Amino acid sequence: GDSVTQMEGPVTLSEEAFLTINCTYTATGYPSLFWYVQYPGEGLQLLLKATKADDKGSNKGFEATYRKETTSFHLEKGSVQVSDSAVYFCALRNNNDMRFGAGTRLTVKP
Amino acid sequence: SQTIHQWPATLVQPVGSPLSLECTVEGTSNPNLYWYRQAAGRGLQLLFYSVGIGQISSEVPQNLSASRPQDRQFILSSKKLLLSDSGFYLCAWSDGAGAYYGYTFGSGTRLTVV
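Residues numbered from 1 in each chain as written. Chains lettered and ligands numbered in written order. Predicted model: local features only at pLDDT ≥ 70, side-chain atom pairs only at ≥ 80, totals over all residues. Heavy atoms only, no water.

For any pair of aromatic rings, the description consists of the separation of the ring centres together with the inter-plane angle of the planes. Applying the stated criterion across every chain yields a total of twelve aromatic pairs over all chains. With centroids separated by 6.0 Å and ring planes inclined at 85°, the aromatic side chains of A:Tyr25 and A:Tyr66 adopt a geometry described as edge-to-face. Of this pair, A:Tyr25 sits in strand S4 (residues 23-26) while A:Tyr66 is found in the loop between strand S8 (62-65) and strand S9 (75-77), placing the two residues 41 residues apart along the sequence. On the basis of an interplanar angle of 40° and a centroid distance of 5.6 Å, the ring pair of A:Phe62 and A:Tyr88 is categorised as tilted. Residue A:Phe62 is located in strand S8, and its partner A:Tyr88 is located in strand S10 (residues 86-94); the two are separated by 26 residues in the primary sequence. For A:Tyr88, a relative accessible area of 0% puts it in the buried group. Through a chain of ring-to-ring contacts, three or more aromatic side chains come together here, namely A:Phe34, A:Tyr36, A:Phe100, B:Tyr34, B:Tyr36, B:Tyr49, B:Tyr103 and B:Phe105. (Phe/Tyr/Trp six-rings, centres within 6.5 Å; stacked < 30°, edge-to-face > 60°. Helix = DSSP H or I, 4+ residues; strand = E, 2+ residues; numbered from the N terminus. Buried < 20%, exposed > 50% of the residue type's maximum accessible area, 1.4 Å probe, protein only.)

Attention now moves to the sheet that holds strand S8 (residues 73-78) of chain B. All names here are of chain B. Read across the open sheet, the four strands follow the order S1-S3-S8-S7; overall the sheet is antiparallel. Each edge of the sheet is formed by a strand with only one pairing partner; in this case those strands are strand S1 (3-7) and strand S7 (65-70). Direction aside, neighbouring strands of the sheet carry axes that sit 20° apart on average. (Pairing = 2+ DSSP bridges. Axes fitted to C-alpha atoms, helices over the stretch in contact; angles between N-to-C directions.)

A separate point is the environment of A:Trp35. In this structure, A:Trp35 sits in strand S5 (residues 32-38). Considered as a pair, A:Trp35 and A:Thr5 are 30 residues apart in the sequence and their alpha carbons are 12 Å apart.

Time to look at the interface of chain A and chain B. On the chain B side, the residues contacting the 19 residues of chain A number 22 residues. When the two sides are added together, the surface that chain A and chain B hide from each other amounts to roughly 1500 Å², 52% of it contributed by carbon and sulfur. Inspection of the chain A/chain B interface yields zero salt bridges. If you look at where chain A meets chain B, you find six residue pairs in polar contact (both at pLDDT 80 or more). Considered class by class, the residues forming the side of chain A that touches chain B number seven nonpolar, eight polar and four charged. (Contact = heavy atoms within 4.5 Å. Buried area = accessible area lost by both parts, 1.4 Å probe. Salt bridge = Lys/Arg side-chain N within 4 Å of Asp/Glu carboxyl O. Polar contact = N/O pair within 3.5 Å; in protein donor to acceptor, adjacent residues only side chain to side chain. Nonpolar A, V, L, I, M, F, W, Y, C, P; charged D, E, K, R; others polar.)

What follows deals with the sheet that holds S9(A). Residues and elements named next belong to chain A. Read across the sheet, four strands follow the order S3-S9-S8-S7 without closing on themselves; strand pairing throughout is antiparallel. Two strands lie at the open edges of the sheet, namely strand S3 (19-21) and strand S7 (56-59), each paired on one side alone. The mean inter-strand angle of the sheet, taken between neighbouring strand axes irrespective of direction, is 15°. Bridge count for S3 against S9 is three bridges, and the pairing is antiparallel. Note on S9: the bridge partner recorded for Leu19 is Lys77.

If you want it as structure tokens, here you go:
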């Protein structure tokens, strides 16, 4: 079945460092891909998405490109802030079925 | 615009007591509805989903049950809580029209069974 694999955390960075969180997927057909963010004590919020190959999703300085040839959707940000500390989930949706990765905890230190 | 409400935000219950968590969605009709559980430091576990009133699918057999008495209301219940039921419970909804739309999550309920 469809699945999502994302890099295990935790990830700890200094403020203004470059961030990459790897995400790869296995799916039949043409899924849509998503990144969600979960701040402490809160629900998941949609961060960005891409619905077809080569699409780039972006929001709040974060970007991810839908790479069908490598089945990847890596999350990147050029300069992280302390306020970016959260858990990040990669996900795919194929028809009505959503699959989530295990989540990657990011801590940004001042 | 669509909104999702989930309550209570925090709940502390003794072992063996009943549970009722409620989730409602506004601004849409016939949504797909989902209950997830997130154990401390862990990922998301899909518990139940519903594509319509009275239609419930269970992903994991356990001590919990779900009901959908109205189109935009989804309830998670238990007759007798176990310690292992502790966790962060999330309700979500989606448009049932296919892969384009993601899920929208509620703010969650932190359940501690003591």
